[in-house]
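Report on the structure
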Amino acid sequence: MLIRRAPDITSSEITDEKLYLNRRSFLIGAAALALVPSEPVAAAPPAGQPLPAKRNPAFALEDPPTKLESVTTYNNFYEFGVNKEDPARLAHTLRPRPWTVEVGGHVARPKTYDIDELLRLFPLEERVYRLRCVEGWSMVIPWIGFPLAALIKRVEPTSQAKFVEFTTLLDPEQFPGQRKSLFNFSGLEWPYVEGLRLDEALHPLALLTVGLYGQVLPNQNGAPVRVVVPWKYGFKSAKSIVRIRFVSDRPRTAWEKAQPSEYGFYSNVNPAVDHPRWSQATERRIGEFRRRPTLPFNGYADQVAPLYTGMDLKKYY
Ligand code: MTE
């Protein structure tokens with residue numbers, strides 16, 4: 001099965017702003033007591049526990065954040081199954097500790113990082129991003145993480161590094177969706193692989209993400225670490241990654257392998273280029289009923305359009 005358009009969901013989806021603001025004031029207090037802005041946090045506690053991080057005002061949005069309950073119960077994470085509710089129901093089988101991320105390929109300083117070392121090395125910040133799924137829905141999520149560029153600079157890519165490949169954990173014991181079963185047919189080859197051009201990966205918007213809504217990242221959202229690339233369709237934001245590899249050739253991504261005519265390597269949000277089976281001109285924000293126009297590059301055009309100067313975005317979809 002391939003990505004389908006989502007049926008509109010009807011569950012109570014009013015923005016849970018009050019809960020969020022309460023949590024924020026708690027966190028701001030905690031941060032004032034316990035953190036100076038550049039001081040990395042200690043080892044992360046389990047999912048759902050508070051994860052203090054200063055909000056970066058450069059990445060604030062007017063749009064109210066999507067209700068936390070929707071963010072954690074309406075998910076695409078095919079390693080747990082193809083239905084939106086599968087990840088929340090089954091995600092307890094994923095063990096986000098101990099966890100390592102192997103960073104290698106064309107770099108001067110390859111290294112396998114323990115997840116807690118990453119958390120110590122890079123100061124966390126909160127950024128509110130829009131996430132636009134290729135299926136036609138979107139959310140607004142306060143993520144916690146650090147710029148992917150910070151890690152990339154640390155490992156020093158060589159001149160041969162042109163692309164960055166992200167690989168999700170392969171373990172059918174922890175991911176029931178990776179077991180071969182007729183009831184489970186996603187059409188994807190495991191492990192899930194995604195990729196970016198090196199200059200895209202170095203863009204300040206690209207975030208390595210370890211939390212959301214002031215909490216440690218829930219398993220169903222890609223614990224313990226995932227990528228978030230807000231100007232691209234959501235599937236470019238690979239979850240639960242164990243490997244980041246710098247390569248010379250464009251990686252073949254999981255969705256590209258499954259259906260190349262539908263899912264291209266770039267997958268920039270683009271209302272002018274329809275998916276072969278549906279329009280991408282509008283989207284439904286989870287929690288709302290109306291459809292709103294989809295913005296080029298998901299509203300981040302002023303920041304990222306220069307990455308694609310001179311490229312035919314219909315050809316490089
Ligand atoms: N990463 C992995 N490993 N497996 C997946 O199935 N789904 C993608 C992306 N990352 C997916 C993945 C898709 S289609 C979307 S829309 C986003 O994760 C959803 O992220 P969220 O559940 O945190 O909203």
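Here's what I pulled together on the structure shown here. The residue numbering used here restarts from 1 in each chain and proceeds along that chain's sequence as written. Only residues with pLDDT of at least 70 get local features here, since the model is predicted, and only at 80 or more are side-chain atom pairs given and counted; chain-wide, interface and lining totals rely on the full set of residues. Calculated side-chain values reflect all of the structure's heavy atoms, with hydrogen atoms and water omitted.

**Digging into the pattern of salt bridges**
Pairing is possible between side chains of opposite charge, provided their charged atoms come close. For the record, the criterion: Every case where a carboxyl oxygen of Asp or Glu lies within 4 Å of a side-chain nitrogen of Lys or Arg is listed as a salt bridge. Whether a residue is buried, partly exposed or exposed follows from its accessible area with a 1.4 Å probe, protein chains only, as a fraction of its type maximum: under 20%, in between, or over 50%, in that order.
Tallied over the entire structure, the rule returns 22 salt bridges. The closest approach of N and O atoms between E69 and K67, which form a salt bridge, is 3.3 Å. E69 sits in the partly exposed class, given a relative accessible area of 44%. Relative accessible area serves as the criterion here: at 13%, K67 is assigned to the buried category.

**Description of the site of the ligand**
Where we set the bar: We define proximity as follows: a residue is near a molecule or strand when any one of its heavy atoms falls within 4 Å of that partner. Here a polar contact means two N or O atoms within 3.5 Å. Within protein one must be a hydrogen donor candidate and the other an acceptor candidate, and residues neighboring in sequence count only if both atoms are side-chain atoms. Accessible surface area values rest on a Shrake-Rupley calculation with a 1.4 Å probe, where residue burial reflects the displayed protein chains alone. A pocket here means an open set of points on a 1 Å grid, computed over the protein atoms alone, that has protein on both sides within 12 Å along at least five of seven lines. A cavity is instead a set of points where a 1.4 Å probe fits but cannot get out; residues with an atom within 4 Å of a point line either one. If over half the atoms of a molecule are within 2 Å of the grid points of a cavity or pocket, the molecule is regarded as sitting in it.
The full set close to the ligand counts 18 residues, and N75, Y78, E79, R226 and K239 are the nearest of them. At 2.8 Å, a backbone N or O of S237 approaches a nitrogen atom of the ligand. The side chain of K239 places a nitrogen or oxygen atom 2.7 Å from an oxygen atom of the ligand. Bound to the protein, the ligand loses 100% of the 540 Å² it would expose on its own. Judged by the proximity of its atoms to the pocket grid, the ligand belongs to the largest cavity.

**Remarks on the nonpolar core**
Stated formally: Only buried residues count toward a nonpolar core, which is a set of Ala, Val, Leu, Ile, Met, Phe, Trp, Tyr and Cys residues joined through side-chain atoms within 4.5 Å. Strands are runs of DSSP state E lasting at least 2 residues, helices are runs of H or I lasting at least 4, and numbering of each runs from the N terminus.
Formed by 84 residues in total, the largest nonpolar core has its most connected members in W143, L151, F166, L208, W231, I244 and F246. Looking at this core, the element that brings in the most residues is strand β5 (residues 137–147), giving 6 residues.

**A closer look at the environment of N75**
Checked against the element boundaries, N75 lands in the loop between α2 (68–73) and α3 (86–90). Expressed as a C-alpha distance, the spacing of N75 and E85, which sit 10 residues apart in the sequence, is 6.6 Å. Of the polar contacts made by the side chain of N75, one reaches the backbone oxygen of V71; its length is 3.0 Å. Only 3.5 Å separates the side chain of N75 from the backbone nitrogen of T73, close enough to count as a polar contact.

**A few points about empty space enclosed by the protein**
To keep it simple, the criterion reads: Grid points are joined across faces, edges and corners, and a volume is the space filled by probe spheres set on the points. Charged residues are taken to be Asp, Glu, Lys and Arg, nonpolar residues to be Ala, Val, Leu, Ile, Met, Phe, Trp, Tyr, Cys and Pro, and polar residues to be all remaining types, Gly included.
Applying the stated criterion across every chain yields a total of 1 cavity of 30 Å³ or more. The volume enclosed by the largest cavity comes to roughly 340 Å³. Lining the largest cavity are 25 residues, with N76, F77, R226, G234 and K239 positioned closest to its centre. By residue number, the principal contributor to the lining of the largest cavity is β5, which donates 4 residues. Of the residues belonging to the lining of the largest cavity, the class tally is 16 nonpolar, 6 polar and 3 charged.

**Comments concerning the pairing of strand β11 (residues 241–247)**
Spelled out, the test is: Strand pairing requires that DSSP identify at least two bridges connecting the strands.
Across 4 bridges, the pairing between strand β2 (residues 100–105) and β11 is parallel. Each bridged residue has a counterpart across the sheet, and for V103 the counterpart in β11 is I244. The sheet contact formed by strand β6 (residues 163–168) and β11 spans 6 bridges and is antiparallel. Residue pairing across strands places T168 opposite I241, the latter belonging to β11.

**Some points on the layout of surface pockets**
If a probe the size of a water molecule is rolled over the atoms, the empty space left behind becomes visible. Computed from the structure, the largest pocket encloses a volume of approximately 210 Å³. Lining the largest pocket are 18 residues, and of these Y233, E262, V273, D274 and Y317 sit closest to its centre. In this structure, the second largest pocket encloses a volume near 170 Å³. Classifying every residue of the lining of the second largest pocket by side-chain character gives 3 nonpolar, 6 polar and 2 charged.

**A short note on the sheet that holds strand β3 (residues 111–114)**
Note the threshold: Here an axis means a line fitted to C-alpha atoms, over the contact stretch when the element is a helix, while the angle between two N-to-C directions is reported on a 0 to 180 degree scale.
The sheet built from 5 strands is open, its strands ordered β3-β2-β11-β6-β7 with mixed pairing. At either end of the open sheet lies a strand with only one pairing partner, and these are β3 and β7 (193–197). Going from strand to strand, the sheet's axes swing by 15° on average, the running direction of each strand aside. Looking at chain direction, β2 and β3 are connected through 4 bridges and run antiparallel. Bridged to V103 within β3 is K111.

**Describing the packing of aromatic side chains**
Put simply, the rule reads: Stacked, tilted and edge-to-face pairs are distinguished by plane angle, under 30 degrees for stacked and over 60 for edge-to-face with tilted covering the rest, among Phe, Tyr and Trp rings (Trp via its six-membered ring) whose centres lie within 6.5 Å. Two conditions define a charge sitting above a ring: the NZ of Lys or the CZ of Arg must be within 6 Å of the ring centre, and it must be within 35 degrees of the ring normal.
Across all of its chains, the model carries 16 aromatic pairs by this definition. Ring geometry for F77 against F80: centres 4.9 Å apart, planes inclined by 85°, an arrangement best described as edge-to-face. The two residues F77 and F80 agree in class, both being buried. Among the aromatic residues, those joined into a ring-pair cluster are F163, F265, Y266, F297, Y308 and Y316. The ring of Y113 has K111 sitting right over it, with the charged end atom 5.3 Å from the ring centre. Positioned over the ring face of F265 is K236, at 4.3 Å from the centre of the ring.

**Points about the side chain of N270**
Relative to the assigned elements, N270 resides in the loop between α7 (254–258) and β12 (282–285). N270 gets classed as buried once you look at its relative accessible area, which sits at 15%. For N270, the side chain forms a polar contact with the main-chain nitrogen of A272, separated by 2.9 Å.

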